[in-house]
Protein chains: 2
Amino acid sequence: MQPIQPAPAVSQPSVVIATSTPATMSAPVPVPITCADTPTVSQLVSKPQTGVVDEDGINLEEIREFAKNFKIRRLSLGLTQTQVGQALTATEGPAYSQSAICRFEKLDITPKSAQKLKPVLEKWLNEAELRNQEGQQNLMEFVGGEPSKKRKRRTSFTPQAIEALNAYFEKNALPTGQEITEIAKELNYDREVVRVWFCNRRQTLKNTSKLNVFQIP
Amino acid sequence: MQPIQPAPAVSQPSVVIATSTPATMSAPVPVPITCADTPTVSQLVSKPQTGVVDEDGINLEEIREFAKNFKIRRLSLGLTQTQVGQALTATEGPAYSQSAICRFEKLDITPKSAQKLKPVLEKWLNEAELRNQEGQQNLMEFVGGEPSKKRKRRTSFTPQAIEALNAYFEKNALPTGQEITEIAKELNYDREVVRVWFCNRRQTLKNTSKLNVFQIP
DNA sequence: CACATTTGAAAGGCAAATGGAG
DNA sequence: CTCCATTTGCCTTTCAAATGTG
């Protein structure tokens, strides 16, 4: 058994978000026939012409920052979007589905929606982290999740962890048992999880290059 | 308040599944470069050359029939795929996610997987229906779902209901209040749900034809 | 009622986990 | 442990049910 999941040093980002390729995107768009669709936060935030504050006085930059951190903190607690959505339903405030959580994290929603959702998520997450400090048993009780069964729950790595793993992989795709142990310790993930990650990574790479043999356009 | 959801006469299908367009499907497929991917049940069942029984002695026809009925019965109980998955996790047998339930219903799995899943779902569903007869309170307790809150739970119509609604719509896209009441009663859905369905249907139709004005290829 | 918008259930993509063979 | 095929779940996306406004 293992204490739910890691808590990979919630350090400062250090990973600039790379505001997607700016300009140069005026290619023959597939056909945006929609009338006047309200833009999403991620769309607005990626073209800083408007500054950080939306016309309705909403601080887009702040929301972007929070959304990013929310994801990291959620994953650090070892929770899925589904669990958050479900737990939210059980609390006093408004309820939201897994889809809603997903959209918020990806900022694939209107500023108005984001503004409404942010305090709800913020409050909930703080509460969840508090419970977690008092022991993971409290956390699981809070989110109402069963201890799971047979199959191991699929772990979701934080963006940082993925990046680190890829870096290691690039340097050495076939680490020894010793090295795996070290990496696992460094990233604060279960050793087995890291080992399997390398196996799967090699497998994917192999399959990918196999396809390239056919030279698909 | 309302008793969870309808139980639209779980009568005999009467709606032949129309085993997808047979033959004539040898169009220039996008590129199935996969090595030798095990075919899914739906793929196998749609080309009856092999008969109803798989090479491993699995009765595909039976599985198809069950999958279809499973969906109807699930919806009749007013349950979502997510709820089934979650409830399954809480029981003794193996646990499965919403994705797994989805794949089973669409038969988007290998015969082997389907064979494994079928008894699990069958047993669970029987139990669920039993609880439901003893009062919906029992059912909700069984699936462990909260009574929900603010926003009304999105209703999912059974395939039959959809078909019937479309038939009505084709005859008359703007039914009177009286007619709506009758349709709702006939299909055993909440009147309001039916009314909104017609509103949304008209809206969708309008938007769709608006697009056609541009004559998209 | 029409219409724009918000939001969730179902479905799809990718990859974490599993299991068999070496 | 490895490789490899396969199973299965988390996250994402689509489409439409629900909501809000005139």
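Owing to the predicted nature of the structure, the values given are computational and were not obtained by experimental measurement. (Residues numbered from 1 in each chain as written. Chains lettered and ligands numbered in written order. Predicted model: local features only at pLDDT ≥ 70, side-chain atom pairs only at ≥ 80, totals over all residues. Heavy atoms only, no water.)

**Considering the overall build of chain A**
In terms of regular secondary structure, chain A is built from nine helices and zero strands. Secondary structure of chain A in N-to-C order comes out as α-α-α-α-α-α-α-α-α. Burial status across chain A gives 30% buried among its 217 residues. Carbon together with sulfur atoms contributes 55% to the accessible area of chain A, which is approximately 14,100 Å² in total. (Helix = DSSP H or I, 4+ residues; strand = E, 2+ residues; numbered from the N terminus. Buried < 20%, exposed > 50% of the residue type's maximum accessible area, 1.4 Å probe, protein only. Areas by Shrake-Rupley, 256 points an atom, 1.4 Å probe, with all protein chains shown as cover.)

**Quick notes on the side chain of A:Lys118**
Residue and element names in this part refer to chain A. Counting through the fold element by element, Lys118 comes out in helix α5 (residues 111-133). Within polar-contact distance, the side chain of Lys118 engages the side chain of Glu62 at 3.0 Å. If we skip the residues at most four places from it in the chain, Lys118 touches Glu62, Ile63, Phe66 and Phe104. (Polar contact = N/O pair within 3.5 Å; in protein donor to acceptor, adjacent residues only side chain to side chain. Contact = heavy atoms within 4.5 Å.)

**Considerations on the packing of helix α3 (residues 81-90) of chain A against helix α4 (residues 98-106) of chain A**
All names here are of chain A. Interaxial distance between α3 and α4 falls to 8 Å at its minimum, and their mutual angle equals 120°. By the criterion of interaxial angle, the relationship of α3 to α4 is oblique. The interaxial crossing formed by α3 with α4 has right-handed handedness. Contacts between α3 and α4 pair Gln81, Thr82, Val84, Gly85 and Leu88 from the former with Gln98, Ile101, Cys102 and Glu105 from the latter. In terms of residue class, the contact of α3 with α4 is built from four nonpolar, four polar and one charged. (Axes fitted to C-alpha atoms, helices over the stretch in contact; angles between N-to-C directions. Parallel < 35°, antiparallel > 145°, perpendicular 65-115°, else oblique. Left-handed = near helix turned anticlockwise from the far one by under 90°. Nonpolar A, V, L, I, M, F, W, Y, C, P; charged D, E, K, R; others polar.)

**What about the environment of A:Val45?**
Residue and element names in this part refer to chain A. Assignment of secondary structure puts Val45 in helix α1 (residues 41-45). On the basis of relative accessibility, which here comes to 18%, the residue Val45 falls in the buried class. Along the backbone, Val45 and Ile63 are 18 residues apart, and their C-alpha atoms lie at a distance of 9.7 Å.

**Focus on helix α7 (residues 159-171) of chain A**
All names here are of chain A. For α7, built from 13 residues, the straight-helix expectation of 18 Å at 1.5 Å per residue is met to within 8% by its first-to-last C-alpha distance of 19 Å. Taken together, the buried positions of α7 are occupied by Ala161, Leu165 and Phe169. Across the axial projection of α7, the buried residues extend over an arc of 70°, all falling on one side. Away from the buried face of α7 by more than 90 degrees, exposed residues Glu170 and Lys171 are located. (Expected span 1.5 Å × (residues − 1). Arc of directions from axis to C-beta.)

**Let's talk about the protein's contact with DNA strand D**
Around DNA strand D lies a shell of 41 residues, among which A:Gln98, A:Arg195, A:Arg202, A:Gln203 and B:Ser99 are the nearest. B:Ser113 is positioned such that a nitrogen or oxygen atom in its side chain is 3.5 Å from a phosphate oxygen of DNA strand D. Every element with two or more residues in the surface near DNA strand D is listed here: α2 (60-76), α4 and α9 (191-212) of chain A together with α4 (98-106), α5 (111-133) and α9 (191-212) of chain B. No other element matches α9(A), which puts six residues into the surface near DNA strand D. Looking at side-chain class alone, the surface near DNA strand D contains eleven nonpolar, 13 polar and 17 charged residues. (Near = heavy atom within 4 Å.)

**What to know about the protein's contact with DNA strand C**
Around DNA strand C sit 38 residues in total, of which A:Arg103, A:Lys116, B:Arg154, B:Gln203 and B:Lys206 are the nearest. Of all atoms in DNA strand C that approach within 4 Å of the protein, 62% are sugar or phosphate atoms. Between DNA strand C and B:Gln98, the relevant distance is 3.2 Å, taken from a base nitrogen to a side-chain nitrogen or oxygen of the residue. Contact distances for DNA strand C include 2.7 Å between a base nitrogen and a side-chain N or O atom of B:Arg154. Broken down by secondary-structure element, the contributors of at least two residues to the surface near DNA strand C are α4, α5 and α9 of chain A together with α2 (60-76), α4 and α9 of chain B.

**Describing a positive patch on the surface**
A contiguous patch of positive charge, built from A:Lys112, A:Lys116, B:Arg151 and B:Arg154, is present on the exposed surface. With respect to the helices, strands and loops of the structure, B:Arg151 is situated in the loop between α6 (136-143) and α7 (159-171). Assessed through its relative accessible area of 76%, B:Arg151 is described here as exposed. (Patch = residues over 30% accessible without salt bridge, like charges linked within 9 Å, V, L, I, M, F, W, Y side chains within 5 Å. Salt bridge = Lys/Arg side-chain N within 4 Å of Asp/Glu carboxyl O. Lys, Arg positive; Asp, Glu negative; His and termini not counted. Charge placed at Lys NZ, Arg CZ, Asp CG, Glu CD.)

**Considering the confidence of the model for chain A**
Averaged over every residue, the pLDDT of chain A is 78; the share at 70 or more is 72%. Low pLDDT, under 50, characterises residues 1-34 of chain A; the stretch is placed with 37 contacts to residues that sit more than four places away or in other chains. (pLDDT = per-residue confidence, 0-100.)

**Remarks on the pattern of salt bridges**
Evaluation of the coordinates by the stated rule reveals 16 salt bridges over all chains. In this structure, A:Glu65 engages A:Arg64 in a salt bridge whose closest nitrogen and oxygen atoms are separated by 3.8 Å. When its relative accessible area of 32% is taken as the criterion, A:Glu65 is described as partly exposed. The closest approach of N and O atoms between B:Glu62 and B:Lys118, which form a salt bridge, is 3.0 Å.

**A few points about α5(A)**
Residue and element names in this part refer to chain A. With 23 residues, α5 should reach 33 Å at 1.5 Å per residue; the first-to-last C-alpha distance of 32 Å fits that figure. Of all bends in α5, the biggest is about 30°, found at Leu117, and the proline Pro119 comes one to four residues later. Among the residues of α5, Pro111, Ala114, Leu117, Lys118, Val120, Leu121, Trp124, Leu125 and Ala128 are the ones counted as buried. Directly beyond the C-terminal end of α5, a positive phi value near 115° is found at Gly135. (Bend = angle between axes of the 7 residues up to and from the residue.)

**Topic: the UniProt feature "DNA-binding region" (unreviewed entry) in chain A**
What UniProt calls "DNA-binding region" (unreviewed entry) maps, in this numbering, to residues 150-209 of chain A. Between the C-alpha atoms that bound residues 150-209 of chain A there is a distance of 34 Å. The span itself is 72% helix and 0% strand. (UniProt positions renumbered as here; feature names shortened; annotations may be inferred.)

**Notes on the environment of B:Lys123**
Residue and element names in this part refer to chain B. On the secondary structure map, Lys123 appears in helix α5. Take Lys123: its relative accessible area is 64%, and that puts it in the exposed class. For the pair Lys123 and Gly93, spaced 30 residues apart in the sequence, the C-alpha separation amounts to 9.8 Å.

**Examining the packing of α2(B) against α4(B)**
All names here are of chain B. Closest axis-to-axis distance for the α2/α4 pair is 8 Å, and the angle between their directions is 125°. One way to sum up the angle between α2 and α4 is to call them oblique. Residues Phe66, Ala67, Phe70, Lys71 and Arg74 of α2 lie in contact with α4, whose contacting residues are Ile101, Phe104 and Glu105. Across the contact of α2 with α4, the residue classes break down as five nonpolar, no polar and three charged.

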